[in-house]
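Observations on chain architecture
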Amino acid sequence: MTTSTGAFFCEKVGTRANPGSFQEISTYLERQYDDILAEESRIKRNPRFRDNRVHALLYFISPSGHALREMDIELMRRLSPRVNVIPVIGKSDTLTPPELKAFKKRVSAAAAPVTALTR
């Protein structure tokens, strides 16, 4: 198993300044699957071919006083069909247990429509 890291700065994703960012990320994910399909379709496969697909995406949510932003929901909605999106509350150790529980509840409620759309 190969672990790779990549950072997508979501403050600019999908905003008026950068409307193609959703498409750029989706295109990258699709290209990885296309590469695998092309390799598996060959009669003689390369034994050193590496599987570079993205299997999981850790989506860090800032622990603001609010739940998910509209941009967060849209990004998860668009990427969920292509990759497993795992929401992670960043800096959650700075929250008290009751604050963390309340924040998780707000995130779950906001993410519920995303989960329903991808099934």
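Residues numbered from 1 in each chain as written. Predicted model: local features only at pLDDT ≥ 70, side-chain atom pairs only at ≥ 80, totals over all residues. Heavy atoms only, no water.

**Here's the deal with the nonpolar core**
Using the following cut-off: We define a nonpolar core as any set of buried Ala, Val, Leu, Ile, Met, Phe, Trp, Tyr and Cys residues linked to one another through side-chain atoms lying within 4.5 Å. Relative accessibility under 20% of the residue-type maximum defines a buried residue, over 50% an exposed one, and the middle range a partly exposed one, all with a 1.4 Å probe and only protein chains included. Each helix is a run of DSSP H or I of at least 4 residues and each strand a run of E of at least 2, with the numbering of both proceeding from the N terminus. For this analysis, residues touch if any pair of their heavy atoms sits within 4.5 Å.
Among the nonpolar cores identified, the biggest contains 19 residues, and Y59, L68, L79, V83 and V85 are the most heavily contacted of them. Listed by contribution, the elements that provide at least two residues to this core are α1 (21-41), β1 (56-61), α2 (70-79), β2 (84-89) and α3 (97-118). Excluding its chain neighbours within four sequence positions, the residues that come into contact with L79 are I25, S26, L29, L57 and V85.

**Quick notes on unusual backbone geometry**
Positive phi, close to 55 degrees, is recorded for K91, a residue that is not glycine. Mapping K91 onto the fold places it in the loop between β2 and α3.

**Some words on the packing of α1 against α2**
What describes two packed helices is the angle between their axes and the distance between those same axes. Convention followed: For helices, the fitted axis covers only the stretch in contact; all axes are lines through C-alpha atoms, and the angles between them, taken along N-to-C directions, range from 0 to 180 degrees. Throughout this description, any angle smaller than 35 degrees is read as roughly parallel, any larger than 145 degrees as roughly antiparallel, any in the 65 to 115 degree range as roughly perpendicular, and the remainder as oblique. Note: crossing handedness is left-handed where the near helix turns anticlockwise from the far helix by less than a right angle, and right-handed where it turns clockwise. Here the nonpolar group is Ala, Val, Leu, Ile, Met, Phe, Trp, Tyr, Cys and Pro; Asp, Glu, Lys and Arg are the charged ones; every other residue, Gly included, is treated as polar.
Their axes nearest at 10 Å, the elements α1 and α2 cross at an angle of 25 degrees. The orientation of α1 relative to α2 falls into the category roughly parallel. Of the two elements, α1 crosses α2, and the hand of that crossing is right-handed. Packed against α1, whose contacting residues are F22, I25, S26 and L29, the element α2 presents M71, E74, L75, R78 and L79 at the interface. Classifying every residue of the contact of α1 with α2 by side-chain character gives six nonpolar, one polar and two charged.

**Observations regarding α2**
Taken across its ten residues, α2 has seven buried, putting it largely inside the fold. What α2 keeps buried is the set M71, D72, I73, E74, L75, M76 and L79.

**Looking at the pairing of β1**
Side-chain positions along a regular strand alternate between the two faces of the sheet. This is how it is decided: Two strands are counted as paired when DSSP detects at least two bridges linking them.
Alternating positions in β1 separate cleanly, L57, Y59 and I61 being buried on one face and A56, L58 and F60 remaining unburied on the opposite face. Summarising the sheet, β1 and β2 pair through six bridges and their orientation is parallel. In the sheet register, L57 faces β2, and the bridge partner there is V85.

**Quick look at α1**
An α-helix turns once per 3.6 residues; consequently, residues spaced three or four apart project the same way. Applicable threshold: An expected span of 1.5 Å times one less than the residue number is assigned to each helix. Relevant arc is that of directions from the helix axis to the C-beta atoms, nothing else.
With 21 residues, α1 should reach 30 Å at 1.5 Å per residue; the first-to-last C-alpha distance of 30 Å fits that figure. Turning to α1, its buried residues number three or more, namely S21, F22, I25, S26, L29, Q32, I36 and E39. Buried positions in α1, seen along its axis, are confined to an arc of 165 degrees and lie on one side of it. Exposed side of α1, more than 90 degrees from the buried face: Q23, E24, L37 and S41 are the residues found there. Those residues of α1 that are buried lie in contact with α2.

**Quick look at the pattern of salt bridges**
For the record, the criterion: Salt bridge criterion: a side-chain nitrogen from Lys or Arg within 4 Å of a carboxyl oxygen from Asp or Glu.
The final tally for this structure, using the stated rule, is six salt bridges. With a shortest N-O distance of 3.3 Å, E39 and R42 are connected by a salt bridge. With a relative accessible area of 9%, E39 lands in the buried category. Judged by its relative accessible area of 45%, R42 falls in the partly exposed class. In the salt-bridge network here, residues are joined through shared partners; they are E74, R77 and R78.

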